[in-house]
Amino acid sequence: MSVVLYAVLVLATGFERLAELVVSARHARWSFARGGVESGRGHFGPMVLLHTGLLVACVVEVVALDRPFLPWLGWPMLVLVLASQGLRWWCIGTLGPQWNTRVIVVPGLSLVRRGPYRWIPHPNYVAVVLEGIALPLVHSAWITAVGFTVLNAWLLLGFRIPAEERALEAAVEPAQDPGRR
């Protein structure tokens, strides 16, 4: 894969992220109209910066450090990038208007336990982690893959997932979800 094709892949990923923001804004309006409460606003800016930085760093590392395309690594990583997109949109489709890039919870709604949520509690973050590793490695940008993975783990595990868990815990009525802690 040429550097130009890789840049097109990264650009396409950026456009996909913009599409997510459009969907997210529509879902936020839906949630707020139903009494939705936003939590964890403080970590949202750093997350946006990190995800934007991932896209920029992918191309910069490949160009500046003359990273080669290694077919034995690049093609499997491209498959993982595509799989992560499929998982992300499966999550969006499963949660419907409850999905958002921000933590907005409508009190009283039951937790979703279908689709990928049937097996794992935060499948969207699995997609994010997978993409953060695979997208840079399509063109052997290993510094970006490692850097994003470490920073993303810190944000997800230290801030985002705990904020989301607290918000869900507070909003889900025990009678509607007795299996919740």
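Heads up: the structure comes first, above all this text.
Note that the structure is predicted; figures quoted are calculated from it, not measured.

Some remarks on the overall build of the protein chain
The secondary structure content of the protein chain amounts to five helices and two strands. The C-alpha atoms of the protein chain give a radius of gyration of 18 Å, which matches the 16 Å a tight globule of 181 residues would have. Over its C-alpha atoms, taken along the principal directions, the protein chain stretches across nearly 55 × 30 × 25 Å. Across the 181 residues that make up the protein chain, the buried fraction comes to 48%. Total accessible area on the protein chain is roughly 9,400 Å²; 73% of this is exposed by carbon and sulfur atoms.

Here we look at the packing of aromatic side chains
Within this structure, the stated rule accounts for three aromatic pairs. Centroid distance F69 to W75: 5.1 Å. Interplanar angle 75°. Geometry classified as edge-to-face. According to the relative accessible area criterion, W75 is partly exposed, its value standing at 44%. Look at W154 and F159: their rings are 5.1 Å apart centre to centre, the planes differ by 80°, and that puts the pair in the edge-to-face class. Assessed through its relative accessible area of 53%, W154 is described here as exposed.

A word on the packing of helix α4 (residues 123–137) against helix α5 (residues 142–171)
At a minimum axis distance of 8 Å, the contact between α4 and α5 shows a crossing angle of 170°. Compared by their axis directions, α4 and α5 come out roughly antiparallel. Facing Y125, V128, V129, G132, I133, P136 and L137 of α4, the residues of α5 in contact are W142, T144, A145, F148, T149, N152, L156, R160, I161 and E164. Among the residues forming the contact of α4 with α5, the class breakdown is eleven nonpolar, four polar and two charged.

Quick look at unusual backbone geometry
Of all residues except glycine, most have a negative phi; of all peptide bonds, most are trans. Backbone geometry places D66, a non-glycine residue, at a positive phi of 50°. Among the structural elements, D66 can be located in the loop between α2 (44–64) and α3 (71–95). Positioned with a positive phi, S140 is a non-glycine residue whose angle comes to about 55°. By secondary structure assignment, the location of S140 is in the loop between α4 and α5.

Some details on the pattern of salt bridges
Going through the model one piece at a time under the given rule, you end up with ten salt bridges. A salt bridge links R88 to E16, with the shortest nitrogen-to-oxygen separation between them at 4.0 Å. On the criterion of sequence distance, the pair formed by R88 in helix α3 and E16 in helix α1 (residues 3–33) is long-range, its members being 72 residues apart. Each member of the pair, R88 as well as E16, carries the same accessibility label: buried. The structure contains a network of salt bridges with shared partners spanning E16, R17, E20, R88 and E131.

Some thoughts on the nonpolar core
Where a protein is soluble and globular, its nonpolar side chains tend to be buried together. Counting 23 residues, the largest nonpolar core has Y6, L9, V10, C58, M77, L135 and V138 as its most contacted members. Looking at this core, the elements that each hand over two or more residues are α1, α2, α3, α4 and α5. The element contributing the most residues to this core is α2, with six residues. By size, the runner-up hydrophobic cluster in this structure holds nine residues, among which are L87, I92, L95 and W99.

Notes on a nonpolar patch on the surface
Where nonpolar side chains cluster on the molecular surface, the patch consists of L65, W142, I143, V146 and V150 and spans about 490 Å² of accessible area. On the secondary structure map, W142 appears in helix α5.

Reading the values: rules and limits
Just so you know, the residues in each chain are numbered from 1, in the order the chain's sequence is written. Totals for whole chains, interfaces and linings use every residue, but because this is a predicted model, local features are given only for residues with pLDDT of at least 70 and side-chain atom pairs only at 80 or more, for both listing and counting. With hydrogens and water excluded, all non-hydrogen atoms of the structure serve as input to the side-chain values. The helix and strand labels rest on DSSP assignments: H or I over at least four residues marks a helix, E over at least two residues marks a strand, and numbering proceeds from the N terminus. Only C-alpha atoms enter the radius of gyration; for comparison, a globular chain is expected to reach 2.2 Å times N to the power 0.38, where N is the number of residues. Only protein chains enter the accessibility calculation, which uses a 1.4 Å probe; a residue is then buried when its area is under 20% of its type maximum, exposed when over 50%, and partly exposed in between. Each accessible area is a Shrake-Rupley result for a 1.4 Å probe, and residues are judged covered by the shown protein chains and nothing else. A pair of aromatic rings is counted whenever rings of Phe, Tyr or Trp (Trp by its six-membered ring) have centres within 6.5 Å, and the orientation is called stacked for planes under 30 degrees apart, edge-to-face for over 60 and tilted otherwise. Each axis is a line fitted through C-alpha atoms, taken for helices only over the stretch in contact, and angles between the N-to-C directions span 0 to 180 degrees. Convention used here: angles under 35 degrees read as roughly parallel, angles over 145 as roughly antiparallel, angles from 65 to 115 as roughly perpendicular, and any remaining angle as oblique. For this analysis, residues touch if any pair of their heavy atoms sits within 4.5 Å. In this count, Pro and Cys sit with the nonpolar residues alongside Ala, Val, Leu, Ile, Met, Phe, Trp and Tyr, while Asp, Glu, Lys and Arg are called charged and the others, Gly among them, polar. A pairing counts as a salt bridge when a side-chain nitrogen of Lys or Arg comes within 4 Å of a carboxyl oxygen of Asp or Glu. Among buried residues, those of type Ala, Val, Leu, Ile, Met, Phe, Trp, Tyr and Cys that are joined through side-chain atoms within 4.5 Å constitute a nonpolar core. Like charges are joined within 9 Å and nonpolar side chains (Val, Leu, Ile, Met, Phe, Trp, Tyr) within 5 Å, but only among residues with over 30% relative accessible area and no salt bridge; these make up the patches.

Just geometry here; none of it tells us what the structure is for.
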